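Structure assessment
Residue strings, one per chain:
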Amino acid sequence: MRYLTKDEVAGLLRVSVRTITSYRSQGLLPQPLQLGRKLLWPEDLVIQHLQPKPTVVSQPTGRARPGRPRKVALI
């Protein structure tokens, strides 16, 4: 089993190291092992975590009203 450092995970995801810290606090990555001040992620868990998960798409319940769509004001 191979372990990845924060820099290696950032390179794998093509994001910055700061983004990895943010992803970790948001729970978007699996919990790393901590050895002293170093964080290590098992490579297979990171790859497994990145695999797309099947989602259920619900159908809209109502019909769209006929006519022109409303204009949306951008601020």
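Scroll up to find the structure.
All of the points below concern the structure found in this document. Since the model is a prediction, treat every value here as computed from it, not as a measurement. (Residues numbered from 1 in each chain as written. Predicted model: local features only at pLDDT ≥ 70, side-chain atom pairs only at ≥ 80, totals over all residues. Heavy atoms only, no water.)

**Focus: the overall build of the protein**
The condition is simple: The way it works is that DSSP assigns letters per residue, a run of H or I at least four long becomes a helix, a run of E at least two long becomes a strand, and they are numbered from the N terminus. Burial here depends on accessible area, computed with a 1.4 Å probe over protein chains only, as a share of the maximum for the residue type. Under 20% is buried, over 50% is exposed, and the range in between is partly exposed. A contact between two residues is defined here by any heavy atoms of the two lying within 4.5 Å.
Helix and strand counts for the protein stand at three helices and three strands. Helices (α) and strands (β) of the protein occur, in sequence order from the N terminus, as β-α-α-β-β-α. Burial statistics for the protein: of 75 residues in total, 16% are counted as buried. Sequence separation of 24 or more characterises 39% of the internal contacts of the protein that already satisfy a separation of 6 or more.

**Concerning the environment of Glu-8**
One can find Glu-8 in helix α1 (residues 6-13). Taking the C-alpha atoms as reference points, Glu-8 and Glu-43, 35 residues apart in sequence, are found 9.7 Å from one another. Here Glu-8 is in contact with Arg-2 and Tyr-3, once residues within four sequence places are set aside.

**Considering the pairing of strand β3 (residues 38-42)**
Heads up, the condition is: Here a strand pair is declared whenever DSSP counts at least two bridges between the two strands.
Counting buried positions along β3 gives four out of five residues, so the element sits mostly inside the fold. Pairing geometry for strand β1 (residues 3-4) and β3, over two bridges, is antiparallel. Counterpart to Tyr-3 in the pairing with β3 is Pro-42. Relative to β3, strand β2 (residues 33-35) is paired through three bridges, and the arrangement is antiparallel.

**So, the packing of α1 against helix α2 (residues 17-26)**
Here is the rule we go by: Angular values range over 0 to 180 degrees, each being the angle between N-to-C directions of two axes fitted as lines to C-alpha atoms, with helices fitted over their stretch in contact. An angle below 35 degrees is read as roughly parallel, one above 145 as roughly antiparallel, one from 65 to 115 as roughly perpendicular, and any other as oblique. Gly falls in the polar group here, along with every residue not listed as nonpolar (Ala, Val, Leu, Ile, Met, Phe, Trp, Tyr, Cys, Pro) or charged (Asp, Glu, Lys, Arg).
Look at α1 against α2: their axes get within 9 Å of each other, and the N-to-C directions meet at 95 degrees. If you check the angle between α1 and α2, you find them roughly perpendicular. Facing α1, whose interface residues are Lys-6, Asp-7, Val-9, Ala-10 and Leu-13, α2 presents Val-17, Ile-20, Thr-21 and Tyr-23. When grouped by side-chain class, the residues that make up the contact of α1 with α2 number six nonpolar, one polar and two charged.

**So, the sheet that holds β3**
Sheet architecture is open: three strands sit in the order β1-β3-β2, paired in antiparallel fashion. The open sheet has two free edges, formed respectively by β1 and β2, since each of these has just one partner strand.

**Details of the environment of Leu-28**
Counting through the fold element by element, Leu-28 comes out in the loop between α2 and β2. Owing to a relative accessible area of 43%, Leu-28 belongs among the partly exposed residues under this scheme. Through-space distance from the C-alpha of Leu-28 to that of His-49 is 8.5 Å; in sequence the pair is 21 residues apart. If we ignore the near neighbours within four places in the chain, the residues touching Leu-28 are Tyr-23 and His-49.

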